[in-house]
Each structure stands twice: as structure tokens, then as C-alpha cells.
Amino acid sequence: MRALTWHGRRDVRVDTVPDPVIERPDDVVVQITSSGLCGSDLHLYEVLTPFLSPGDVLGHEPMGVVAEVGPAVTELSVGDRVVIPFNVSCGHCWMCERGLQSQCETTQNHEQGTGASLFGYTALYGQVPGGQAEYLRVPFGNSLPIRVPQGPPDDRFLFLSDVLPTAYQAVQYAATPADGTLVVLGLGPIGDMCTRIAAHLGVRQVVGVDLVPERLARVEARGVTALDLGDGDDEVLGAIRSMTRGRGADAVIDAVGMEAHGSPVAATAQKLVSAMPSGLGRTVMETAGSDRTAALELAIGAVRRGGTISLSGVYGGSATPLPMLTLFDKQVQMRMGQANVWRWVPDLLPLLGDDDPLGVDHFATHRVPLEEAAQAYSMFQDKTDGAVKVLFTP
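## A look at the overall build of the protein
On a plain count of helices and strands, the protein comes out with 13 helices and 15 strands. In terms of C-alpha radius of gyration, the protein reaches 20 Å, essentially the compact-globule figure of 21 Å for 394 residues. Dimensions of the protein, computed from C-alpha atoms along their principal axes, come out at roughly 60 × 50 × 45 Å. Sorting the 394 residues of the protein into buried and exposed places 58% on the buried side. Carbon and sulfur atoms provide 51% of the accessible area of the protein, an area that totals close to 15,700 Å². Of the side-chain charges in the protein, 29 are positive and 46 negative, and the distance between the mean point of each set is 5 Å.

Right, dumping it as C-alpha cells:
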């Protein structure tokens with residue numbers, strides 16, 4: 001089959017690789033019909049290279065049609081249409097039963113000290129082949145895939161794999177009062193969807209912050225107050241305070257993560273780490289602060305005293321410094337973590353009807369053949385051509 005594989009920093013290629021096969025009785029093989037390119041994939045493209053090996057198949061936002069089932073699979077049949085959550089979770093362990101699928105005890109990576117395995121996401125999370133491919137082997141076929149109806153286009157359901165549950169969890173963790181103000185930093189796919197979900201759930205004032213004009217215009221067209229970070233942090237913070245009687249936002253979602261603009265020293269460190277031999281690079285990332293924290297620092301400045309910061313952007317440095325005095329003094333609450341996909345599926349499925357309140361049918365900005373995936377990664381990384389959400393089709 002053809003699949004998008006990693007070969008080095010900013011070097012991804014579509015190669016011919018072996019077709020996946022049934023390995024365990026409850027496996028299924030899914031023929032992929034669409035897969036998404038996520039902001040988290042860009043961390044693999046640029047920063048998390050010490051945890052990748054040449055030939056790793058990328059991608060953690062797939063959906064498709066069941067092509068083959070193992071002998072123990074009773075809940076799916078060949079031809080069923082399914083979305084695959086990015087968490088590789090069993091559905092029945094202590095963590096899964098409590099809605100913490102990202103911490104699944106069956107697939108935790110004890111050698112790395114990390115939570116559940118993820119599709120297409122480095123040795124940190126199991127080095128499981130991903131879904132930017134023609135076919136994907138999916139374990140736990142009776143509990144992991146999300147079966148969805150035939151009929152509507154893939155765009156209606158694809159975002160259940162990551163974007164929708166990640167954004168929904170970020171908004172839930174932010175816990176913004178209905179009469180309050182929520183600020184979303186970063187208006188890529190997750191941040192954009194956070195603004196839509198928050199508005200749908202009735203948050204009175206939603207503010208989006210970004211540098212890219214097309215992204216600002218997208219959220220503004222849906223009634224979100226847009227602030228241009230290009231005007232400077234002080235201007236943005238001043239605008240937020242003027243909207244909130246000087247207090248700051250009730251909650252801030254950091255949807256940017258480790259590659260925030262405005263952290264030149266950390267950006268240089270990230271480039272150096274990604275260029276190191278993999279063993280040395282891993283050691284540095286596991287013991288040093290290598291994240292760009294400009295977005296997190298802005299979140300800390302923007303949130304009011306007693307407010308909440310919700311982190312959905314991925315951070316990778318194990319010793320990233322935080323202004324603990326400020327966090328303590330402002331009595332800031334922080335919630336974070338990989339999205340627990342199945343925890344939110346029952347809340348999200350009713351929002352995917354024909355009325356499409358979140359605008360998922362038109363959420364993608366680009367649809368490209370899988371064979372053009374390398375060019376799409378470059379375009380998305382450089383934020384050119386208005387790229388917010390890119391979908392691949394085989």
C-alpha cells in the first residue's frame with residue numbers, strides 16, 4: 001500500500017509499504033477514505049524527531065470502511081463505516097471505564113513513562129503505524145472504532161478522530177461561566193473548533209488570537225472577536241482587559257503548544273535538538289526545557305485571578321520552566337492532557353446532524369491526494385495558502 005512515512009526533519013514521503021494484516025483476533029483492517037493533517041503532526045515534522053525512525057507511518061485522524069475483521073470481532077462487519085480515535089484504548093480497563101482513554105492501562109508505554117499509545121505518533125506513544133495511508137490495522141475492533149452512518153460526506157464525521165473531542169475537552173476543561181469571557185490562543189484546527197464549540201455551548205464572549213489573517217477572518221465570520229497577535233502581546237492583553245473590566249479572561253485555552261511564535265531562544269534550542277542523533281536528542285528533551293512557551297506565558301497574563309487555563313496544545317519538554325510565583329499568586333487553575341476521545345463521543349454525535357451547528361461540512365480548507373502529502377505538510381507548516389485544515393484522500 002501507499003503511506004506517508006517519516007524520513008527526517010521536514011522530510012516526509014509517500015512510499016510503498018507492506019499492507020497491514022490481522023495480528024490479533026479482535027483486530028480489524030480499515031480501508032482509509034480520508035485522513036487529516038493535524039497541528040500535532042507538525043511537531044513530528046519539526047521538533048519531535050528524536051522519537052521517530054525512518055519509515056514510521058504518520059497520521060492519527062483517519063476514517064474509512066472496514067475491509068477485514070479478526071475472528072473475535074462481533075461488533076463490526078466488512079463494509080461498516082468507521083472513524084478511528086487517535087487514542088489506542090481498550091475500552092474496558094480502569095482508566096477507560098472512567099473516561100480517561102488517553103491513559104488506557106492496556107496500552108500505556110511504561111518504558112517511556114507515557115500514557116496510552118497513539119496512532120502514528122512516535123516512540124513516546126508506542127510507535128503504532130498511523131492512518132495517512134491506504135489501509136490501517138486497528139486493534140480492539142469491538143470497542144475502539146466509532147461506527148458512523150453511511151451517506152454524509154467524510155467531513156461530517158472525520159473530525160471525531162481528534163479535532164472535535166480535543167476541542168470539546170479543552171472547552172469543558174476551561175469551564176467558562178456562561179456570562180464570562182473565553183480567550184482562545186491559536187486558531188489552527190483545534191483553536192478554531194474551540195471557538196465554535198464554546199459559542200454553541202453559550203459562552204457569552206469568545207475571543208480568538210492568532211497571527212494569520214486568514215485564520216482571524218475565519219473566526220470573525222462566525223461572530224468571534226478576533227485579536228491580531230501581530231499587534232504585540234501588550235496590545236492583545238490590553239484589549240482583553242478592556243473587555244473584562246480590567247480583570248482578564250475567565251478562562252484561556254492554549255491551542256498552540258510547544259512551537260509558539262515569540263520564543264526565539266527556545267526555537268533555536270528545538271532546531272538543535274531535532275538535528276541531534278536520536279539518542280542524544282531524546283535525552284535532551286527528556287531532561288531539559290525545550291518548549292517555546294510564549295503562548296503559555298500569554299495565557300497566564302490574559303487569565304483573571306482565580307481563572308482557568310486549559311492546555312490543548314502539545315508540549316514536549318520535560319523540564320520546561322513555568323512562572324510558578326505568578327500562577328500561585330493569581331490562583332490559576334490549570335487542566336490539560338491528550339483528549340479522551342470516547343469520553344466525548346456521546347456529546348458530539350448529536351452535533352453532527354444535517355443542521356451542522358459547528359460547520360464541520362466546510363471546516364477543511366484543503367483536500368489533496370495522499371500522493372501530495374509532502375507538499376501539504378510544507379504548506380501547513382509555513383501557514384501559506386490559507387491552510388487551516390488539510391484532508392488527504394487515497
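## Concerning the sheet that holds strand 11 (residues 249-254)
Taking strand neighbours across the sheet as the criterion, the 6 strands line up as 10-9-8-11-12-13 in an open arrangement whose pairing is parallel. Strands with a single pairing partner mark the edges of an open sheet, and in this sheet they are strand 10 (225-228) and strand 13 (333-336). Neighbour-to-neighbour, the strand axes of this sheet turn through a mean angle of 20 degrees, independent of strand direction. As defined by bridge partners, strand 8 (residues 181-185) adjoins strand 9 (residues 205-210) across 5 bridges and the pair is classed as parallel. Of the residues in strand 9, the one forming a bridge with L182 is V206. Across the sheet, helix 7 (residues 233-243) lies against strand 8, strand 9, strand 10 and strand 11, angled at about 155 degrees from strand 10, the strand it touches most. Packing against the sheet, helix 10 (residues 294-302) makes contact with strand 8, strand 11, strand 12 (303-311) and strand 13, and its axis sits at approximately 150 degrees to strand 12.

## Regarding the nonpolar core
Membership of the largest hydrophobic core comes to 71 residues, with the highest contact counts inside it found for L164, M193, I253, Y377 and F392. When residues in this core are grouped by element, the largest group, 7 residues, is from helix 4 (residues 163-174). Excluding anything up to four places from it in sequence, Y377 contacts L4, V12, L37, D41, L42, Y45, L58, Q132 and F392.

## A word on the layout of surface pockets
Estimated volume of the second largest pocket: approximately 430 Å³. Forming the boundary of the second largest pocket are 24 residues, of which E23, V128, P129, R137 and P139 lie nearest the centre. A per-class count over the lining of the second largest pocket returns 13 nonpolar, 6 polar and 5 charged.

## Some words on the pattern of salt bridges
Taken as a whole, this structure holds 18 salt bridges when the rule is applied. D27 is the salt-bridge partner of R137, the closest N and O atoms lying 2.7 Å from each other. With a gap of 110 residues between them, R137 in strand 6 (residues 135-138) and D27 in the loop between strand 2 (11-16) and strand 3 (28-37) connect regions that are remote in the sequence. Classification of R137 as partly exposed rests on a relative accessible area of 21%. The class of D27 is buried, set by a relative accessible area of 0%. For the salt bridge of R343 with D347, the shortest nitrogen-to-oxygen distance reads 3.7 Å. Of this pair, R343 and D347 are both found in helix 12 (residues 341-348), 4 residues apart, which corresponds to roughly one turn of the helix. The class of R343 is partly exposed, set by a relative accessible area of 37%. The class of D347 is partly exposed, set by a relative accessible area of 33%. In this structure, a network of salt bridges that share partners links the residues R9, R10, E46 and D382.

Cut-offs and rules
- Along each chain, the written sequence defines residue order, and numbers are assigned to residues from 1.
- Given that this is a predicted model, residues contribute local features only at a pLDDT of at least 70 and side-chain atom pairs are listed and counted only at 80 or more, while totals for whole chains, interfaces and linings are drawn from all residues.
- To get the side-chain values, take all heavy atoms of the structure and skip hydrogens and water.
- By the criteria applied, helices consist of DSSP H or I runs no shorter than four residues and strands consist of E runs no shorter than two, each listed in order from the N terminus.
- Our radius of gyration is a C-alpha quantity, and the globule rule it is checked against amounts to 2.2 Å times the number of residues to the power 0.38.
- For each residue, the accessible area found with a 1.4 Å probe, counting protein chains only, is set against the maximum for its type, and the residue is called buried under 20%, exposed over 50%, and partly exposed in between.
- Computed by Shrake-Rupley with a 1.4 Å probe, the accessible areas treat only the displayed protein chains as cover when residues are assessed.
- Counted as positive: Lys and Arg. Counted as negative: Asp and Glu, with His and the chain ends omitted from the count.
- Where a charge lies is defined by one atom per residue type: Lys uses NZ, Arg uses CZ, Asp uses CG and Glu uses CD.
- Note on pairing: two strands pair once DSSP finds at least 2 bridges between them.
- Only the contacting stretch of a helix is used when fitting its axis, a line to C-alpha atoms as for every element, and angles between N-to-C directions run 0 to 180 degrees.
- By definition in these notes, contact holds between two residues if any of their heavy atoms fall within 4.5 Å.
- In this description, a nonpolar core means a group of buried Ala, Val, Leu, Ile, Met, Phe, Trp, Tyr and Cys residues linked to one another through side-chain atoms lying within 4.5 Å.
- Grid spacing is 1 Å over the protein atoms alone, the probe is 1.4 Å, and a cavity is where that probe fits but cannot get out, while a pocket is an open set with protein on both sides within 12 Å along at least five of seven lines and lining residues have an atom within 4 Å of a point.
- Grid points are joined across faces, edges and corners, and a volume is the space filled by probe spheres set on the points.
- Classes in brief: Ala, Val, Leu, Ile, Met, Phe, Trp, Tyr, Cys and Pro nonpolar; Asp, Glu, Lys and Arg charged; the others, Gly included, polar.
- A carboxyl oxygen of Asp or Glu within 4 Å of a side-chain nitrogen of Lys or Arg is what we treat as a salt bridge.

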